[in-house]
Structure formats: structure tokens, C-alpha cells
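# Remarks on the overall topology
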Amino acid sequence: MSIRYGLLALLQRGPMYGYQLRVAFEETTGGTWPLNIGQVYTTLSRLERDGLAEPLPASDTGQRPYSITDAGRADLLSWFTTPVQRGERPRDELAIKLALALRTAGVDETRVIQAQRTATMRSLQEYTRLKARTAAPDDLSWLLVLDAMIFQAEAEVRWLDHCEATVARQVRGPAPAPAPATDPTEVSPR
Amino acid sequence: MIVELRDVHRVHGGGETAVHALRGVSLSVGAGELVAVMGPSGSGKSTLLNLCGGLDRPTRGEVVVEGWVLGTLSKRRLATVRRRRVGYVFQELNLLPSLTAVENVALPLELDGTPIRSARRQALAALADLDLAELARRFPEQLSGGQQQRVAIARALVGERRLVLADEPTGALDTQTGEAVLRVLRARVDAGAAAILVTHEARHAGWADRVVFLRDGVVVDTTGPIGEADQLLTGAS
């Protein structure tokens, strides 16, 4: 996702100036996505150029708040209702690393898997500890962001379990040959 | 230390068909500690839990519960230690359907000779600790799955028992209810109990202080203590 929709969503709450936007953005994402103020101003000027936000007159203290336009509201709504495509996320370094480990002499892929799983599990414990200390409903947005990280870490641990079992099965050699007509997806692990 | 496994081996059967369920596992769990054990089917998780609870004996090595070396106890003495020191929470078959919640929780105390009135009082206190006082007179079928598991945790910790052995206690529950059960377990551990949680769900293991990964009867890795915990697990010695 881009910062632009994050800022638009914040402006939908009401006019804000740059520093306020930065603070609100970091609060909403629980500090998991730090922004610098330069990014905020660059994004604001692009939003203004595209007609999605407009500057208001400067306040007495010299801050220039921005407000969302009707076009901005329409764009924001369309963003909220469009599912995120998995392929648009960055390439998965871990999957590539494992694929390379399998083909690189002198690398024990099982150790790579176990080390990663332990590290991911540890993050999961830390997220869970944060969650245990967070009280709903005041921090509901933060809880949902935490849950997203927890479920993603869980999925990664499951996937690593699966990789470990698959590698172990390959090393032990194939199970006794199934009947030729059997659907390969139905072959049991042992 | 509430429970300690010292270089524990467990072999089922003998000869060529012998199955090595555990091969040299060492693990200590102290008061205030929740340890999760993860591993695929057949990795030795349930054997480990049964050994900690004195439901099974190691082929080699020692299991110590609150200072009692289980292997040196007579059958009668072992049964007493099991009843007084260890509580279990399983995925199913947790509560007797013909008894109310408070009667279920009081049962282990009554079996142990505690007078009924005193057992009831302690059971009500255990339920109140888990915010279940208002459900005390309900029968299991009148409770939701999550409430039943919380009653089972109350029963596991009633009286002076400080060791909870939980085997997939959130198995059939949805994510919200499963999480509520784990929060309760976590709170009881923070209040001074010790718990071993066998699970295949990383999200649930996330509530633990340490996570131990078992493969083919061997500890292959552990996340180590996070935060202040000072206990250490050794897979080798």
C-alpha cells in the first residue's frame, strides 16, 4: 500500500497538518511503519496536485492544514473496497533463501529452516506479549494490526513446518511406491 | 522447579519394532513459567506430557515433580502426587456431564479425602478466580466450549496444585474463544502456576515464555526465555 491512502484516510477524519498526520499515522500502525516528515509533505503535495486534498489557510501559528476533497473521498472509498493483491507485495526473501539453500552445497537447509522458525516464533511470542498488555476497545486499531502480524507469523511457522517435513521426506527417500493410478496429491506422508 | 525432565528416554515395545518416542529430553519448568511444546504428530509431545504427569514412566532418565522423583515412588504414593500436584486440561472429555461445574472442580479434592464442604469452598474460589462464579451451578452441556475449558483449567488448579499439563486445550474452539482460554492459562501462570502446553498452533504457543520444538523424540530447538525468565532448557545434557 502507499502512504497516500494512509494520509487520505486520516484526512477523512478532519483537516490536519503535516506533523499531526505523521503522529496519527504512527499511532494507527502502532509504530510498525515509521514515517519521516519529508515523506508526509511530499505525499501531501502529490495529493494536492491530483486534486485529492487541498490546503486550507495557514493557522495563527503558521501551520497549513489539509482537508480531503470529494475526489479524494471517492478515491479512498474505492481503495478500501479493492482487495489487496498478494502479488503486489514485495518478493519473499525467505522463500528465495530456502530455494537457494536446497541447491547450495555445504548448506544444511534443515538448520536454515529451524533457525528461521525459532526467530519467527520468538517474534510471535513478542507480539503476543504486546497484545496481552493492550486493552481493548481503546486500542482496537492497534490490536488489529498486532493480530495481522500474529497471524502472518503463524502462517510462516506452519509453512516452515511443512518445508521441514517435505525436506525430511526427500532425504529419507520416497515412501513405498503407490499404485501408478493414484492421484499424487493423495499420497500419504509415510 | 515445579517439574523437571532429566535426560529422559521412552521406548515403546522392543526389538526391531521398538519405537523411540523420546530420546534424551531435558526440560525444566518453574513457577510462573508457561512452556509450549510444538511438533508434528509422532514427535513425542504427548509422551512428554504423560511422563510429566506420572501417567507413563521413562525407560531411562528421571522425572521430578515438586521434588518427588516419580520413578522411585510406590504406586499409591505416585497416585497421590498425581492427584495433589498435577492438573490436566485435554481437548475433549474434560468434564463429567452429570456433575455441575463446581462439582467437577471439587471432584479431585473429594477423591483425595477433602471434606465435601471444604472441597466446594475451594472449588468456588477457583471458579471465582477465573470469573466463572456465576456459572458454578451449571452442567457442562449448559456451558459453551470456551467456558467448559475455563472450568477445566479451574479444576486443574484447584487446591494446592501448581502444575497444569494442557494437551491442545483449544482444539475445537474458534480463534476468539481459544484466545480467551489461553489468556486464562497465562494469568494463572503469572499468578504462580507452572504449565506445559502441547499444541501444533504457533499462535497459541505465542503465549508461552519458551517454545520447545520436538522432532522424532529430540528437542531440535527452543526459543529460549524471553524477558526476565531465568530458567534454561538444555536439549543435550
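The rules behind the values
- Residues numbered from 1 in each chain as written.
- Chains lettered and ligands numbered in written order.
- Predicted model: local features only at pLDDT ≥ 70, side-chain atom pairs only at ≥ 80, totals over all residues.
- Heavy atoms only, no water.
- Helix = DSSP H or I, 4+ residues; strand = E, 2+ residues; numbered from the N terminus.
- Expected span 1.5 Å × (residues − 1).
- Buried < 20%, exposed > 50% of the residue type's maximum accessible area, 1.4 Å probe, protein only.
- Arc of directions from axis to C-beta.
- Contact = heavy atoms within 4.5 Å.
- Polar contact = N/O pair within 3.5 Å; in protein donor to acceptor, adjacent residues only side chain to side chain.
- Buried area = accessible area lost by both parts, 1.4 Å probe.
- Salt bridge = Lys/Arg side-chain N within 4 Å of Asp/Glu carboxyl O.
- Nonpolar A, V, L, I, M, F, W, Y, C, P; charged D, E, K, R; others polar.
- Domains from an automatic or database assignment.
- Core = buried A, V, L, I, M, F, W, Y, C linked by side-chain atoms within 4.5 Å.
- Pairing = 2+ DSSP bridges.
- Axes fitted to C-alpha atoms, helices over the stretch in contact; angles between N-to-C directions.
- Parallel < 35°, antiparallel > 145°, perpendicular 65-115°, else oblique.

## With respect to helix H3 (residues 37-49) of chain A
Residue and element names in this part refer to chain A. With 13 residues, H3 ought to run about 18 Å at 1.5 Å a step, and its terminal C-alpha atoms sit 19 Å apart, in line with that. Here H3 has its buried residues at Val 40, Thr 43, Leu 44 and Leu 47. End-on, the buried residues of H3 take up no more than an arc of 105°, which puts them together on one face. Those residues of H3 that are buried lie in contact with helix H1 (3-11), helix H2 (18-28), strand E1 (53-55) and strand E2 (66-68). Where H3 begins, the capping side chain belongs to Asn 36, and its oxygen is found 3.1 Å from the backbone nitrogen of Gly 38. The first or second residue beyond H3 is Gly 51, which carries a positive phi of 75°.

## Things to note about the interface of chain A and chain B
Contacts between the two partners involve 20 residues from chain A, matched on the other side by 26 residues from chain B. Taking both sides of the interface into account, the surface hidden between chain A and chain B amounts to around 1,900 Å²; carbon and sulfur atoms contribute 51%. The closest approach of N and O atoms between Arg 203 of chain B and Glu 154 of chain A, which form a salt bridge, is 3.0 Å. Linking chain A with chain B are 10 residue pairs in polar contact (both at pLDDT 80 or more), by the criterion used here. For the side of chain A that touches chain B, the secondary-structure elements that each account for two or more residues are helix H6 (109-133) and helix H7 (140-172) of chain A. Sorting elements by how many residues they give to the side of chain A that touches chain B places H6 of chain A first, with 13 residues. Each residue belonging to the side of chain A that touches chain B can be placed in one class, and the counts come to seven nonpolar, four polar and nine charged.

## Regarding helix H1 (residues 45-52) of chain B
Residues and elements named next belong to chain B. In terms of burial, H1 is a largely internal element, six of the eight residues being buried. Along H1, the positions that sit buried rather than exposed are Lys 45, Thr 47, Leu 48, Leu 49, Leu 51 and Cys 52. Gly 54 occupies a position one or two residues after H1 and carries a positive phi of about 70°.

## Topic: the pattern of salt bridges
Applying the stated criterion across every chain, the model contains 26 salt bridges over all chains. Among the salt bridges present, the one from Arg 215 of chain B reaches Glu 164 of chain A, with a minimum N-O distance of 2.3 Å. Highlighted residues: Arg 215 of chain B in strand E9 (residues 210-215) and Glu 164 of chain A in helix H7, drawn from two different chains. Here Arg 215 of chain B and Glu 164 of chain A have matching classes, each one buried. One salt bridge in this structure joins Glu 103 of chain B and Arg 120 of chain B, with 3.2 Å as the shortest N-O distance. With Glu 103 of chain B in helix H3 (residues 101-111) and Arg 120 of chain B in helix H4 (residues 116-129), this residue pair connects regions lying 17 residues apart in the sequence.

## Observations regarding the domain arrangement of chain A
All names here are of chain A. One can read the domain layout of chain A as domain 1 (3-87) and domain 2 (91-172). Listed by partner, the interface residues are four residues for domain 1 and four residues for domain 2. Both faces considered, domain 1 and domain 2 share a buried interface measuring about 270 Å² in area, 76% of it formed by carbon and sulfur atoms. Here domain 1 and domain 2 share zero salt bridges between them. Our enumeration of links across domain 1 and domain 2 arrives at zero residue pairs in polar contact (both at pLDDT 80 or more). In terms of residue class, the side of domain 1 that touches domain 2 is made up of no nonpolar, four polar and no charged.

## Examining the nonpolar core
One recurring pattern in soluble globular proteins: nonpolar side chains tend to sit buried together. Met 121 of chain A together with Leu 34, Val 105, Leu 127, Val 151, Ile 153 and Val 211 of chain B are the most contacted members of the largest nonpolar core, which totals 47 residues. Within the second largest apolar cluster, 30 residues are counted, among which are Leu 5, Val 8, Leu 27 and Leu 73 of chain B.

## Some thoughts on the sheet that holds strand E3 (residues 34-38) of chain B
All names here are of chain B. Spatial strand order, E6-E7-E8-E3-E9-E10: six strands in an open sheet with mixed pairing. Each edge of the open sheet is held by one strand with a lone partner, namely strand E6 (86-89) and strand E10 (218-222). Here the average twist between neighbouring strands, direction ignored, is 20°. Bridging between strand E7 (residues 163-167) and strand E8 (residues 194-198) involves five bridges; their strand directions are parallel.

## Quick look at the side chain of Thr 43 of chain A
Residues and elements named next belong to chain A. Following the sequence through the fold, Thr 43 ends up in helix H3. Residue classification places Thr 43 among the buried residues on the basis of a relative accessible area of 9%. Setting aside chain neighbours within four positions, we find Thr 43 in contact with Ile 3, Arg 4 and Leu 7.

## With respect to the packing of H1 of chain A against H2 of chain A
All names here are of chain A. Between H1 and H2, the least distance of the axes is 10 Å, while the angle of their chain directions is 105°. As judged from the angle between their axes, H1 and H2 are roughly perpendicular. Seen from H1, the contacting residues are Gly 6, Leu 7, Leu 10 and Leu 11; seen from H2, they are Leu 21, Ala 24, Phe 25 and Thr 28. Tallied by class, the residues present in the contact of H1 with H2 amount to six nonpolar, two polar and no charged.

## Looking at the environment of Arg 183 of chain B
Residues and elements named next belong to chain B. Mapped onto the elements, Arg 183 comes out in helix H6 (residues 175-190). The exposure class of Arg 183 is partly exposed, given its relative accessible area of 30%. Remark: the alpha-carbon pair of Arg 183 and Trp 207, spanning 24 residues in sequence, is separated by 7.9 Å.

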